[in-house]
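So you can see what is in the structure, the chains are spelled out below.
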Amino acid sequence: MPAPLRFGIFLAPFHPVNENPTACLDRDMELIEHLDRLGYHEVWVGEHHSGGFEIIACPEMFIAAAAERTRHIRLGTGVVSLPYHHPFALADRMVQLDHMTKGRAMFGVGPGALAGDAFRMGIDPREQRRMMNEALDALMALLRGERISMKTDWFELREAQLQMPNFTWPHMEMAVACARSPAGGLAAGRHGLGMLSIGGTSPEALEAHANNWKLCERAAAENGKTVDRGNWRIVTLAHIAETREQAYRNVEFGLELWAQYFREIATFPIVPPEIDDPIAYLTENRMAVIGTPDDMIEHIELLQEGSGGFGAFLELAHNWADFPATKRHFELVQRYVMPHFHGSNALRRESYDYSHENRELFVGTAAEAIAAEIAKEEARKAAAE
């Protein structure tokens, strides 16, 4: 029997350029604390350096602070862009984070999503996936405790070996970002790592994710590794409220600014400029669920069916709604959506139904016991008189 579906978020984050950035970061931290109290399983924090909208530059720093404010939730880099970092320094930082979080940290990696970041660093976007693979080869050897010498056109290692062991055995959980390109799935399989599918959840996107998982499994087999669907995470878009109408009103707060950012700055637009009704476009194409808890349950079940099964359902945190409505959304997920996929109420329902079916027997027996006690008391009184 597979483990219950885990729930979490993928926190880029997204913040409009007219808001106080310090307050935005504070709110991101408050959101993680809120999710921790609600029993969410994991948060993945992004790395971005340009565009003005995604404003966390160092996920490791953010995770270290979040670990001090939370108790249970796991905290991952979502993701560290490997071409931007020397593998030795990065491995050393992540091992330190593994210790500081007492094993709650996770290591998500990718080639880098924002072309503007790569341009500012003088990196050719056409080389980023090759660079990711080179860095990942070095990272895995370092995390295994090996002494490694390696030279590429952008980094060199000279008998490099980490000075501290991992806190988590054999090393912290790792995952590779994977959109439409097969590069992420192939890299994950080659090293036996998890996969973070972030390229949307339309039927076409889901088919691409499923194909990438097959590539991941094949690459794992070819390299003597194994991969587990429980370590596959699919990222989607969601906002729910008590009614669909309320959910639609809620997302009017920030959906258009978010869509504008993807049209004008990000690599691929999610809502094309000719679309007049983004809510209808996103929901009808199954790119998002905007509605009620029941709508969200149906959406997740469609994702499970279309993918063949995955281990964690991650929402792309987006600030479509204001903060109170956003927190309410996550509370509704905790109250009504998680129990459906965890089977949390199965025994309660069985107990309720059994009690209902046998109510007459139970009530009759109880009534007989009460009547017997009354009769005994009356007999005692009569004898006393």
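Preceding this section is the structure that the text describes.
Calculation rules
- Residues numbered from 1 in each chain as written.
- Predicted model: local features only at pLDDT ≥ 70, side-chain atom pairs only at ≥ 80, totals over all residues.
- Heavy atoms only, no water.
- Helix = DSSP H or I, 4+ residues; strand = E, 2+ residues; numbered from the N terminus.
- Salt bridge = Lys/Arg side-chain N within 4 Å of Asp/Glu carboxyl O.
- Buried < 20%, exposed > 50% of the residue type's maximum accessible area, 1.4 Å probe, protein only.
- Contact = heavy atoms within 4.5 Å.
- Polar contact = N/O pair within 3.5 Å; in protein donor to acceptor, adjacent residues only side chain to side chain.
- Right-handed = clockwise from strand over helix to strand, strands pointing away.
- Pairing = 2+ DSSP bridges.
- Phe/Tyr/Trp six-rings, centres within 6.5 Å; stacked < 30°, edge-to-face > 60°.
- Lys NZ or Arg CZ within 6 Å of the ring centre and 35° of its normal.
- Core = buried A, V, L, I, M, F, W, Y, C linked by side-chain atoms within 4.5 Å.
- Patch = residues over 30% accessible without salt bridge, like charges linked within 9 Å, V, L, I, M, F, W, Y side chains within 5 Å.
- Areas by Shrake-Rupley, 256 points an atom, 1.4 Å probe, with all protein chains shown as cover.
- Lys, Arg positive; Asp, Glu negative; His and termini not counted.
- Charge placed at Lys NZ, Arg CZ, Asp CG, Glu CD.
- Axes fitted to C-alpha atoms, helices over the stretch in contact; angles between N-to-C directions.
- Parallel < 35°, antiparallel > 145°, perpendicular 65-115°, else oblique.
- Left-handed = near helix turned anticlockwise from the far one by under 90°.
- Arc of directions from axis to C-beta.
- Nonpolar A, V, L, I, M, F, W, Y, C, P; charged D, E, K, R; others polar.

K.L.:
What's the story with unusual backbone geometry in this structure? I'm lost.
P.N.:
Glycine aside, residues mostly have negative phi angles, and peptide bonds mostly take the trans form. Backbone torsion omega between Gly 78 and Val 79 reads 0°, so that peptide bond is classified as cis. Counting through the fold element by element, Val 79 comes out in strand E3 (residues 74-81). Here the residue pair Trp 169 and Pro 170 is connected by a cis peptide bond, since its omega of -10° sits within 30 degrees of zero. Structurally, Pro 170 is set in the loop between strand E6 (156-160) and strand E7 (174-178).

K.L.:
Would you mind showing me how to read the pattern of salt bridges here?
P.N.:
When the charged atoms of two side chains with opposite charge come close together, those side chains can pair. With the rule as written, the count across this model stands at 22 salt bridges. As a salt-bridge pair, Arg 6 and Glu 42 come within 3.3 Å of each other at their nearest N and O atoms. With a gap of 36 residues between them, Arg 6 in strand E1 (residues 6-11) and Glu 42 in strand E2 (residues 42-45) connect regions that are remote in the sequence. As a salt-bridge pair, Arg 93 and Glu 60 come within 2.9 Å of each other at their nearest N and O atoms. Residue Arg 93 is located in helix H3 (residues 87-100), and its partner Glu 60 is located in helix H2 (residues 59-69); the two are separated by 33 residues in the primary sequence. Within the structure, one salt-bridge network assembled from shared partners comprises Arg 6, Glu 42, Arg 74, Glu 173 and Arg 233.

K.L.:
Explain the environment of Pro 272 here, please?
P.N.:
By the secondary structure assignment, Pro 272 is in the loop between helix H9 (255-264) and helix H10 (278-284). What makes Pro 272 buried here is its relative accessible area of 16%. Taking C-alpha positions, Pro 272 is 9.1 Å from Phe 262, a pair spaced 10 residues apart along the chain. Once residues lying within four places of it in the same chain are set aside, the contact partners of Pro 272 are Arg 263 and Tyr 281.

K.L.:
Can you walk me through the side chain of Asp 28 in this structure?
P.N.:
Within the fold, Asp 28 resides in helix H1 (residues 21-38). A distance of 2.8 Å separates the side chain of Asp 28 from the side chain of His 15, its partner in a polar contact. Setting aside anything within four residues of it in sequence, one finds Asp 28 in contact with Leu 11, Pro 13, His 15, Ile 56 and Phe 62.

K.L.:
Looking at this model, I keep getting lost on the pairing of strand E4 (residues 105-110). Mind explaining?
P.N.:
Note on strand geometry: in a regular strand, side chains alternate between the two faces of the sheet. Burial of E4 is extensive: six of the six residues sit out of reach of the surface. A crossover links E3 with its parallel partner E4, the connecting element being H3, and its sense is right-handed. With three bridges joining them, E4 and E7 adopt parallel strand pairing. Opposite Gly 108, over in E7, you have Ala 175 as the bridge partner.

K.L.:
For this particular structure, what's the right way to read the packing of aromatic side chains?
P.N.:
The geometry of an aromatic ring pair comes down to the distance between the two centres and the angle between the two planes. Inspection of every chain in the model, using the stated rule, returns 12 aromatic pairs. Seen in terms of ring centroids, Tyr 261 and Phe 262 are 5.5 Å apart; in terms of plane orientation they differ by 80°. Their pairing is edge-to-face. Residue classification places Tyr 261 among the buried residues on the basis of a relative accessible area of 3%. Taken together, Phe 14, Phe 53, Trp 258, Tyr 261, Phe 262 and Trp 320 form an aromatic cluster joined through their ring pairs. Stacked on the ring of Tyr 352, the Lys or Arg Arg 349 has its end atom at 5.2 Å from the ring centre.

K.L.:
What exactly am I supposed to notice about the nonpolar core here?
P.N.:
Inside soluble globular proteins, nonpolar side chains tend to come together where they are buried. Grouped together as the largest cluster of nonpolar side chains are 73 residues, with contacts concentrated most on Phe 7 and Phe 107. The biggest single contributor to this core is helix H5 (residues 128-143), with nine residues. The residues contacting Phe 7, other than those within four sequence positions of it, are Tyr 40, His 41, Glu 42, Ile 300, Phe 313, Val 333, Val 337, Met 338, Phe 341 and His 342.

K.L.:
Honestly, a negative patch on the surface in this entry has me stumped. Any pointers?
P.N.:
A surface patch of negative charge is lined by Glu 274, Asp 276, Asp 277 and Glu 284. Here Glu 284 is to be found in helix H10. Take Glu 284: its relative accessible area is 67%, and that puts it in the exposed class.

K.L.:
Before we go on, may I ask you to explain the packing of helix H6 (residues 183-191) against helix H7 (residues 203-222) in this structure?
P.N.:
Two quantities define a packed helix pair, namely the angle between the helix axes and the distance between the axes. At a closest axis distance of 7 Å, the pairing of H6 and H7 adopts a crossing angle of 30°. Here H6 lies roughly parallel to H7, going by the angle between them. Crossing hand, H6 versus H7: right-handed. Contacts between H6 and H7 involve Gly 185, Leu 186, Ala 188, Gly 189 and Arg 190 on the former and, on the latter, Asn 212, Leu 215, Cys 216, Ala 219 and Ala 220.

K.L.:
What exactly am I supposed to notice about helix H8 (residues 244-251) here?
P.N.:
It helps to recall that an α-helix has 3.6 residues per turn; residues three or four apart then point in one direction. Residues of H8 that are buried: Ala 247, Asn 250 and Val 251. Seen end-on, H8 carries its buried residues on one side only, within an arc spanning 90°. On its buried face, H8 sits against strand E9 (232-240), H9, H10, strand E10 (288-291) and helix H12 (323-342).

K.L.:
What am I meant to see in the packing of H2 against H3 here?
P.N.:
Where H2 meets H3, the closest approach of the two axes is 10 Å, and the angle between their N-to-C directions is 10°. As the angle between them shows, H2 and H3 are arranged roughly parallel. Touching Glu 60, Ile 63 and Ala 64 of H2 are Leu 90, Arg 93, Met 94, Leu 97 and Met 100, all from H3. Grouping the amino acids of the contact of H2 with H3 by side-chain chemistry returns six nonpolar, no polar and two charged.

K.L.:
So what exactly am I meant to see when it comes to the pairing of E3 here?
P.N.:
Most of E3 sits inside the fold, with seven of its eight residues counted as buried. Two elements, E2 and E3, share four bridges in a ladder whose sense is parallel. Pairing of Val 43 across the sheet is with Leu 75, part of E3. Assessed by its sense of winding, the connection that carries the chain from E2 through H2 to E3 is right-handed. Across five bridges, the pairing between E3 and E4 is parallel. By the bridge assignment, Thr 77 is partnered in E4 with Phe 107.

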